[in-house]
Amino acid sequence: MLEEEYISRRRLPPHLQPGVTREAPFEYELRSATLQDLPYVREIYNHYVRNSSVTFDDSPISHAELRRKFAKITEKNLPFVVAVNPSGQLLGFAYVFPWNQKASYRHSVENFIYLGPASTGKGLGRALLAELIDRARSAGLKEMIAVIADKGADASIALHKEFGFKETGHMGKVGFKFDRWLGSIFMTKSLK
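In this report, the structure presented in the accompanying data block is examined.

1. Regarding the pattern of salt bridges
Opposite charge on two side chains makes pairing possible when the charged atoms of those side chains draw close. Taken as a whole and judged by the stated rule, the model has four salt bridges. In this structure, the salt-bridge partner of aspartate 150 is lysine 151, at a minimum N-O distance of 3.9 Å. In this structure lysine 151 comes out as partly exposed when scored by relative accessible area, which is 36%.

2. Thoughts on the environment of aspartate 134
Inspection of the secondary structure puts aspartate 134 in helix 4 (residues 124–138). Look at aspartate 134 and you get partly exposed, because its relative accessible area is 43%. Spatially, the C-alpha atom of aspartate 134 lies 17 Å from that of proline 98, the residues being 36 residues apart in sequence.

3. Points about a nonpolar patch on the surface
On the surface, Phe56, Met171 and Val174 cluster together into a nonpolar patch covering about 240 Å² of accessible area. Relative to the helices and strands, valine 174 is located in strand 6 (residues 166–177). Judged by its relative accessible area of 43%, valine 174 falls in the partly exposed class.

4. A closer look at the packing of aromatic side chains
Counted according to the given criterion, the structure contains 11 aromatic pairs. For the ring pair tyrosine 45 and tyrosine 114, a centre distance of 5.0 Å and an interplane angle of 85° mean the geometry is edge-to-face. Residue tyrosine 45 is found in helix 2 (residues 38–51), and its partner tyrosine 114 is found in strand 4 (residues 108–115); the two are separated by 69 residues along the sequence. Both residues of the pair, tyrosine 45 and tyrosine 114, count as buried. Linked through ring pairs, Tyr45, Tyr48, Phe70, Phe80, Phe93, Tyr95, Phe112 and Tyr114 together constitute an aromatic cluster. Residue placement shows lysine 69 over the ring face of phenylalanine 97; its charged tip is 5.2 Å from the ring centre. Over the ring of phenylalanine 112 we find lysine 69; its NZ or CZ atom is 5.6 Å from the centre of that ring.

Each value, and the rule that gives it
- Residues numbered from 1 in each chain as written.
- Predicted model: local features only at pLDDT ≥ 70, side-chain atom pairs only at ≥ 80, totals over all residues.
- Heavy atoms only, no water.
- Salt bridge = Lys/Arg side-chain N within 4 Å of Asp/Glu carboxyl O.
- Buried < 20%, exposed > 50% of the residue type's maximum accessible area, 1.4 Å probe, protein only.
- Helix = DSSP H or I, 4+ residues; strand = E, 2+ residues; numbered from the N terminus.
- Patch = residues over 30% accessible without salt bridge, like charges linked within 9 Å, V, L, I, M, F, W, Y side chains within 5 Å.
- Areas by Shrake-Rupley, 256 points an atom, 1.4 Å probe, with all protein chains shown as cover.
- Phe/Tyr/Trp six-rings, centres within 6.5 Å; stacked < 30°, edge-to-face > 60°.
- Lys NZ or Arg CZ within 6 Å of the ring centre and 35° of its normal.

See the structure below:
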């Protein structure tokens with residue numbers, strides 16, 4: 001018998017065969033954000049600041065700045081949702097923030113969704129956006145606006161289209177990050 005014929009017939013006894021390892025199911029719970037979540041929110045957000053152009057921020061957000069933003073969101077009773085796994089690890093977050101400070105815009109908000117790097121591609125962004133839209137409607141908001149980078153954010157654009165957001169504008173070369181010019185795509189959804 002040839003060596004290569006022998007190898008294809010050779011089998012380990014069942015007790016020596018490697019077990020099939022199954023990946024644990026991707027489980028999470030959506031809940032309102034708390035002050036205790038902010039360090040983890042900051043960690044996820046700053047990952048995108050340092051490594052991508054999905055945010056035009058070029059320096060990491062400080063804890064104090066994030067606390068001020070969180071205070072403004074909670075003061076206005078706007079939704080800020082986090083996704084946590086069964087062991088309590090924060091996997092991603094989504095919130096809305098006033099679109100403009102002028103009183104006439106008080107019913108219009110911009111949405112923000114960020115996922116931990118290991119949580120992408122698993123439907124979490126979809127779940128967060130659905131929850132955010134429901135909570136925004138319940139809060140009496142009328143218009144949700146997404147401002148999305150025109151490069152490197154195809155998944156975000158597709159997600160917003162899936163939820164009925166319509167492209168309402170495109171501004172080219174309004175941001176400069178990582179030695180290149182970037183534009184913004186504006187998408188809106190009526191919450192009525």
